[in-house]
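If you want the building blocks of each chain, they are given just below.
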Amino acid sequence: MSNVRRVGSPIYTFFPIEVEGFDALGELALDMRWSWNHAADEVWAQLDQDLWDLTHNPWVVLQTVSRDRLKQVLKDPIFRRKVDDLVETKRHEAEVPTWFQQQYPQNTMTAVAYFSMEFMLSEALPIYSGGLGNVAGDQLKAANDLGVPVVGVGLLYQQGYFRQVIDMYGAQQALFPYNDPGQLPVMPVREQNGEWLRLEVVLPGYSLWVRAWQVQVGRVMLYLLDSNDAANFPAYRGITSELYGGGPEQRLRQEIVLGIGGWRLLEALGIKPEVCHMNEGHAAFAVLERTRIFIEETGQPFEVALAVTRAGNLFTTHTPVADGFDRFNPQLIEHYLGDYARNSLGIPSRDLLALGRLNPNAPTEDFNMAYLAVRGSGAINGVSRLHAKVSRGIFQQLFPDWPEIEVPVGHVTNGVHMPSWDSAEADALWTESCGKERWLGITETLEGKIHCAPDDKLWQLRAAARKSLVGYVRARLSKQLAASGATTEEIKKAHYIFDANALTLGFARRFTTYKRPNLLLHDPERLLRILTILERPVQLIIAGKAHPDDHAGQAMIQEWMRFIRRPEVGTHVVFLSDYDMLLTERLVQGVDVWINTPRRPWEACGTSGMKVLVNGGLNLSELDGWWAEAYTPEVGWALGDGNEHNSDPAWDAAEADALYTLLEREVIPEFYSRDRNGIPLAWVARIRESMSRLTTHFSSNRAVRQYTERYYVPATASFRERAADKGAAGAQMVNWLHNLAREWGNLRFGEITIATNGEQHLFEVQVYLNGLYPDEVRVELYAEGVKGGDPERYEMKCGPKLIGAENGYIYGAQVQAIRASTDYTVRVIPSHTGSAVPLEAAQIHWQR
Ligand SMILES: *Cc1c(COP(=O)(O)O)cnc(C)c1O
């Protein structure tokens, strides 16, 4: 694979250990493939069982064991053979033809550069906060499985995201343990001569040196940048110290490192991606650096270089509220990027600022990273069907006079990497039903196969998973209590809480207002009754962090802690602190029902509920994000009426009531109604429908295939077309754009005639194009969709010239006379081969 390159010397020589066989172990330990493929687990356990149990980090185990221990185990021929086999399998897997090669045998796409502020690959590399990182990490893993040539670009944070402790008062304390790079499964990126690759990014007055690291994710490489270089001005060393920490200036510097530094790194490595995929607007400065490099290569002006390169850029937006985008004060932009604009891009800084503004000429308007991303991309997508609709509303202002439904935001609903989230037992069941290779190609045949799994197997899977989770909760809670100063008595009690046969509910997510993590607590007495019915006990696990600046979020954690400490609650509810990937894994594998209560439409997509699917867990969730797409009565339970109610307290109360009622009348009775063998048949039927109908669809396998088909492959072709001959097509396009800007205002309609001839409406319209030519525009008949459906659009054909007029023509079209002729309007929109309208040219002229 062209995008996987080892730079410089072999990776393991960073820690020279001349024990025979160490190289093989190093190769295994530094490939994050172990985060979903557990074939090598026993190797690490054999090296150091305790440390393995505690960390699940092969690299830490390998770094920590003594040389004597290494020599000793490697001398064992069985162990040695096992290691060699694992290495061979891993290398073989990297060679076998993949979905991408089979699907696109002629495709020569070099690389898709995937930029993200966070990546959630494993707890061993804590550089994520939540959902955004989850999407990024799981997509890299799926790109590996499918052989899509992706390279990741991100930042290596010295402290990552904060760690959570709940103190004896039930309050959250935030800790920032240091990420020791020597203990992370990362390697310095080295030059051919062995020198550590360092990049210079010019900031005002100083150069910033950024170091580069690489993380192997199977065939995919993830590059991480960090600023903690000894050569840096002290204030700059900490730029990459914390994820989502510091103020706006710190964020801006991080985004400069990510976008500009990140693209420059790829260039330094000789990687020339056709596609740049920006996971959220944080990385939008990559648009500028990509343009700069094209300018340098071709001598084209900024405008042409941007028109060429944007065809290869994809912007994925994740937020459902306009306030969610990063915005910077124009003075900050001027300070940090003014010289860059003038000297490197060849434009005045006001032109740069205009790219991030709604109104290019408003001198005080902030610089919005999402606007830069929109103006620098050839396509935009949201992360669920509903979120795309919401995003079209958010970006509507950039496309004035266009119907909202035509605002150019498509969607690819997120998915999760199932092999990373399934339990060993679920893996076994799926392997038996669907085979080992099930996530490596198309998955459309799996549905029928898993549907055949028998009742007893499904129920045994659930029982084993719940039992294992209960064991985990006991162990984790007792440790957690010890750390927060509990008595020996309390710690001892934690070893006996929960019941492996009781209905187990899970609620874990970031504690932030829109997710309503306290909705279940709306009526504490009713919740208490639900949990404590003697014959039908229910147990509930809560987890989640609130951002250190989010006081409302922290108050909700305390509210739960107060509830949990009421003696009547007994051991029916636990709050597990420090929600992270390892905890998620255990929860999604073991819970019977995963609850999600966001305020629609603020969830955008949500991914945690998808992680229970493969494990036979069921969802009870608000009809928001992915669940609005996934829900049918056979697969789980829904909250809400499918409408938005903002933060109306009366609606919150109504939804809390609906949630309790669902639990009381449907969830609990169904779980506890058993046949003579003890199997809850209706429940198991629901599991079967959920597993078979939803798992494959909400996998990152499906998401990455859609990204490839809808975006990566077309964007590659489009970028290449525009880039050919030093950007000749891009230059032509810019001429067209200039002509549109100059002449659009002179466009007007003359007479319009409508005749209905039996089955057909015939429309004729006189159009005075004035300074424009027929091949620069498209004249259309337009009718709004019926009942919120897609609009109707028909191209009108350019007919005879109007006598005596300069560039005036008669355009005509006929449509089936199904709807009234008055439903249709005529409009003119820009048109140019290969251009995205309205994304790249947002003019529109309506017949009024
Ligand atoms: C999956 C996951 C998330 C995202 O969950 P949502 O419910 O989509 O917010 C956040 N944090 C962790 C640790 C996760 O594993």
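The model shown is predicted, which means the values in this text are computed figures rather than measured ones. (Residues numbered from 1 in each chain as written. Predicted model: local features only at pLDDT ≥ 70, side-chain atom pairs only at ≥ 80, totals over all residues. Heavy atoms only, no water.)

Attention now moves to the domain arrangement of the protein chain. Domain annotation of the protein chain identifies domain 1 (22-45 + 48-94), domain 2 (97-411), domain 3 (421-436 + 448-696) and domain 4 (747-846). Measuring from the centre of the C-alpha atoms in domain 1 to the corresponding centre in domain 4 gives 66 Å. (Domains from an automatic or database assignment.)

Within the open sheet, the 6 strands sit side by side as 17-16-15-18-19-20. Their pairing is parallel. Looking at the sheet topology across the chains shown, the edges are occupied by strand 17 (573-576) and strand 20 (636-639). The sheet shows a mean angle of 20° between the axes of neighbouring strands, taken without regard to direction. In terms of strand pairing, strand 18 (residues 593-596) meets strand 19 (residues 618-622) through 4 bridges, oriented parallel. Of the residues in strand 19, the one forming a bridge with Val593 is Leu618. Along the sheet, helix 23 (residues 551-564) contacts strand 16 (538-543) and strand 17; its crossing angle with strand 17, the most-contacted strand, is approximately 140°. (Pairing = 2+ DSSP bridges. Helix = DSSP H or I, 4+ residues; strand = E, 2+ residues; numbered from the N terminus. Axes fitted to C-alpha atoms, helices over the stretch in contact; angles between N-to-C directions. Contact = heavy atoms within 4.5 Å.)

Inspection of every chain in the model, using the stated rule, returns 27 aromatic pairs. Ring geometry for Phe100 against Tyr104: centres 5.4 Å apart, planes inclined by 40°, an arrangement best described as tilted. Ring geometry for Tyr794 and Tyr824: centres 6.4 Å apart, planes at 50°, overall tilted. Pair noted here: Tyr794 is in strand 24 (residues 792-795) and Tyr824 is in the loop between strand 26 (808-816) and strand 27 (825-830), with a separation of 30 residues, a long-range link. Put simply, the rings of Trp459, Trp637, Phe671, Tyr672 and Trp683 touch in pairs and so form one group of aromatic residues. (Phe/Tyr/Trp six-rings, centres within 6.5 Å; stacked < 30°, edge-to-face > 60°.)

So, about the nonpolar core. Looking at soluble globular proteins, one finds that nonpolar side chains tend to be buried together. Counting 159 residues, the largest nonpolar core has Phe115, Leu125, Val148, Phe285, Phe395 and Tyr712 as the members making the most contacts within it. When residues of this core are assigned to their parent elements, the largest contribution, 13 residues, is made by helix 29 (residues 700-743). Leave out the neighbours within four places in its chain, and Leu125 touches Met32, Phe119, Leu156, Leu184, Val186, Val215 and Leu224. One finds Val612, Leu620, Trp683 and Met691 within the second-largest nonpolar core, a separate group that totals 96 residues. (Core = buried A, V, L, I, M, F, W, Y, C linked by side-chain atoms within 4.5 Å. Buried < 20%, exposed > 50% of the residue type's maximum accessible area, 1.4 Å probe, protein only.)

Another aspect to go through is the UniProt feature "modified residue: N6-(pyridoxal phosphate)lysine" (unreviewed entry) in the protein chain. Cross-referencing UniProt, the feature "modified residue: N6-(pyridoxal phosphate)lysine" (unreviewed entry) maps to Lys611 in the present numbering. Of note, Lys611 is situated in helix 25 (residues 608-611). Contacts of Lys611, omitting those with residues within four sequence positions, involve Asn134, Val416, Trp421, Thr584 and Val588. In terms of polar contacts, Lys611 uses its side chain to reach the side chain of Asn134, at 3.3 Å. (UniProt positions renumbered as here; feature names shortened; annotations may be inferred. Polar contact = N/O pair within 3.5 Å; in protein donor to acceptor, adjacent residues only side chain to side chain.)

Turning next to the site of the ligand. Taken together, 15 residues lie around the ligand, and Lys515, Thr584, Thr607, Ser608 and Lys611 are the ones closest in. Here Thr584 contributes a side-chain N or O atom positioned 2.7 Å from an oxygen atom of the ligand. Backbone polar atom of Thr607 to an oxygen atom of the ligand: 2.7 Å apart, as the coordinates give it. Burial of the ligand by the protein amounts to 97% of the accessible area it has alone, namely 380 Å². Contributions of two or more residues to the shell around the ligand are made by helix 8 (131-146), helix 24 (581-590) and helix 25. (Near = heavy atom within 4 Å. Areas by Shrake-Rupley, 256 points an atom, 1.4 Å probe, with all protein chains shown as cover.)

For the rest of this paragraph, the subject is the pairing of strand 8 (residues 220-226). Counting buried residues in strand 8 gives 7 out of 7 residues, a clear majority hidden from the surface. Residues of strand 8 alternate between two faces, with Val220, Leu222, Leu224 and Asp226 on one and Met221, Tyr223 and Leu225 on the opposite face, all of them buried. Here 5 bridges tie strand 2 (residues 150-155) to strand 8, and the two strands are oriented parallel to one another. Pairing of Gly152 across the sheet is with Leu222, part of strand 8. Note: strand 7 (residues 206-217) against strand 8, 7 bridges, orientation antiparallel.

Residues that lie three or four places apart on an α-helix share one face, since the helix turns once every 3.6 residues. Most of helix 16 (residues 385-395) is tucked away, with 8 of its 11 residues classed as buried. Buried-residue contacts for helix 16 involve strand 10 (313-316), helix 15 (369-375), strand 13 (379-382), strand 14 (410-411) and helix 26 (625-630).

This paragraph deals with the UniProt feature "domain: DUF3417" (unreviewed entry) in the protein chain. Feature annotation in UniProt assigns "domain: DUF3417" (unreviewed entry) to the following positions: residues 23-125. As a span, residues 23-125 carries 59% helix and 4% strand, and end to end its C-alpha atoms are 21 Å apart.

So, about unusual backbone geometry. In the segment running from Arg600 into Pro601, the intervening peptide bond is cis, with an omega of 5°. Structurally, the position occupied by Pro601 is in the loop between strand 18 and helix 25. With an omega of 10°, the peptide bond running from Val837 to Pro838 counts as cis. Relative to the helices and strands, Pro838 resides in the loop between strand 27 and strand 28 (845-846). With phi around 50°, His56 is a residue other than glycine that occupies positive phi space. By secondary structure assignment, the location of His56 is in the loop between helix 3 (49-55) and helix 4 (58-64). Given a relative accessible area of 34%, His56 falls into the partly exposed group.

What follows deals with the packing of helix 10 (residues 248-268) against helix 11 (residues 285-298). Where helix 10 contacts helix 11, the axes come no closer than 8 Å and their chain directions differ by 35°. Helix-helix and strand crossings are classified by hand; for helix 10 and helix 11 the assignment is right-handed. Together, Leu252, Glu255, Ile256, Gly259, Ile260, Trp263, Arg264 and Glu267 of helix 10 and Phe285, Ala286, Glu289, Arg290, Arg292, Ile293 and Glu297 of helix 11 make up the contact between the two elements. Classifying every residue of the contact of helix 10 with helix 11 by side-chain character gives 7 nonpolar, 1 polar and 7 charged. (Left-handed = near helix turned anticlockwise from the far one by under 90°. Nonpolar A, V, L, I, M, F, W, Y, C, P; charged D, E, K, R; others polar.)

The alternating pattern of strand 17 places Val573 and Phe575 on one face and Val574 and Leu576 on the opposite face, and all of these are buried. Pairing geometry for strand 16 and strand 17, over 4 bridges, is parallel. Each bridged residue has a counterpart across the sheet, and for Ala543 the counterpart in strand 17 is Leu576. In this region the chain leaves strand 16, passes through helix 23 and returns to the parallel neighbour strand 17; the handedness of that crossover is right-handed. (Right-handed = clockwise from strand over helix to strand, strands pointing away.)

Let us now look at the state of the cysteines. This model, assessed by the stated rule, comprises 0 disulfides. Looking at the unpaired Cys434, the closest cysteine sulfur is the one in Cys452, lying at 9.2 Å. (Disulfide = S-S within 2.5 Å.)

In total, this model carries 52 salt bridges according to the counting rule given. The partner of Arg292 in a salt bridge is Glu296, with the nearest N and O atoms 2.7 Å apart. You can see Arg292 and its partner Glu296 sitting in helix 11, 4 residues apart, about one turn around the helix. Among the residues examined, Arg292 registers a relative accessible area of 13% and is labelled buried. A salt bridge links Lys457 to Glu432; its shortest N-O distance comes to 2.7 Å. One end of the pair, Lys457, is in helix 20 (residues 455-483); the other, Glu432, is in helix 18 (residues 424-434), and 25 residues separate them in sequence. Owing to a relative accessible area of 56%, Glu432 belongs among the exposed residues under this scheme. Salt bridges linked by common partners bring Glu406, Arg778, Glu780, Arg793, Glu795 and Arg827 together as one network. (Salt bridge = Lys/Arg side-chain N within 4 Å of Asp/Glu carboxyl O.)

Take the sheet that holds strand 27 next. Strands pair in a sheet through their backbones, by hydrogen bonds, and they do so in one of two ways: parallel or antiparallel. One open sheet holds the 4 strands; their spatial order is 24-23-27-28, and the pairing between them is antiparallel. Bordering the open sheet on either side are strand 24 and strand 28, each of which pairs with just one other strand. Sheet topology note: the strand 27/strand 28 ladder contains 2 bridges and is antiparallel. The residue of strand 28 that forms the bridge with Arg827 is Trp846.

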